[in-house]
Structures are given as C-alpha cells and as structure tokens.
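What the coordinates show
Letter by letter, the chains look like this.
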Amino acid sequence: GTVKEIQIFSTIINTIDNHGTFLIYYDTDCDGISAGTIMTRYLRNYTDKVKTYINERKQHGIENFDYGNLVEVDTVIIVDSINEEIKKLKEEENKK
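Please read all numbers here as calculations on a predicted model, not as lab measurements.

Things to note about the pairing of strand β1 (residues 22-27)
- Judged by how many residues are buried, β1 sits mostly within the fold: six of six residues are covered.
- Judged by which residues are buried, β1 turns out to be covered on both faces: Phe22, Ile24 and Tyr26 on one side and Leu23, Tyr25 and Asp27 on the other are all buried.
- As defined by bridge partners, β1 adjoins strand β2 (residues 50-55) across six bridges and the pair is classed as parallel. Within the sheet, the bridge partner assigned to Ile24 lies in β2 and is Thr52.
- Regarding topology, helix α2 (residues 30-43) serves as the crossover connection from β1 to the parallel β2, and that connection is right-handed.
- Relative to strand β3 (residues 75-78), β1 is paired through four bridges, and the arrangement is parallel. Following the sheet pairing, Tyr25 is matched in β3 by Ile78.

Remarks on unusual backbone geometry
- Within the chain, His19 stands out as a residue other than glycine whose phi angle is a positive 60°.
- Structurally, His19 is set in the loop between α1 (3-17) and β1.
- Positive phi is not limited to glycine here, since Glu72 has a value of about 60°.
- Tracing the sequence through the fold places Glu72 in the loop between β2 and β3.

Let's talk about the environment of Asn69
- Among the structural elements, Asn69 can be located in the loop between β2 and β3.
- With residues near it in sequence (within four places) discarded, Asn69 still touches Leu23 and Tyr53.

Things to note about the nonpolar core
- One finds Ile12, Ile16, Phe22, Ile24, Tyr26, Leu43, Val50, Ile77 and Val79 forming the largest nonpolar core, which totals nine residues.
- Among the secondary structure elements, those contributing two or more residues to this core are α1 and β1.
- Leu23, Tyr53, Leu70 and Ile78 belong to the second largest nonpolar core, which has seven residues in total.

Conventions adopted
Residues numbered from 1 in each chain as written. Predicted model: local features only at pLDDT ≥ 70, side-chain atom pairs only at ≥ 80, totals over all residues. Heavy atoms only, no water. Buried < 20%, exposed > 50% of the residue type's maximum accessible area, 1.4 Å probe, protein only. Helix = DSSP H or I, 4+ residues; strand = E, 2+ residues; numbered from the N terminus. Pairing = 2+ DSSP bridges. Right-handed = clockwise from strand over helix to strand, strands pointing away. Contact = heavy atoms within 4.5 Å. Core = buried A, V, L, I, M, F, W, Y, C linked by side-chain atoms within 4.5 Å.

Have a look at this one:
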C-alpha cells in the first residue's frame, strides 16, 4: 500500500489496541449510507467502541457538524468524503 494507506491502517489498529473510540461520519445518500454501514459493521468485529453520526441535512461534508460529538472520540472516520473535509475537521480540533 501507499504511505497514506499504511498510516490509516496504523491509526485504526492503534485505536483498537488502545481501546479507543471511533466516530463514523456519513451522509444520507446511497453511497454514504453504504460506506458508513460497511465501516461501522467492520469495526464492530474488533471493538464495541464505535459511534456513528449521520448527516441528516442532506449536505455533503462536515458543514454544520456539532463538534460536541467528538467528546471521548479518539479517531474520526469520514466515509464518502474528500480531503478538504479532513482539513476543516483538523482546524476545528485545533481551536480547542
């Protein structure tokens, strides 16, 4: 895999090994629901510490995301999204 893929894999494994909590974020369109469900079910094979957040506003991305949902969350996985969304999430996290 690429360096980025290895980093992602390592983050997921480390979160599981350290008994961390995941937040899976996804949209209500077909590909968002499919990707979110697959990721959630996959991770629940290894840990029960998986939360989900469904963007019910029918908007793509993390616009209007309630960052209070990140309390006690160690790793956020945004499925069916683009890299710009990650930058926005990191900016918000750095404001804390």
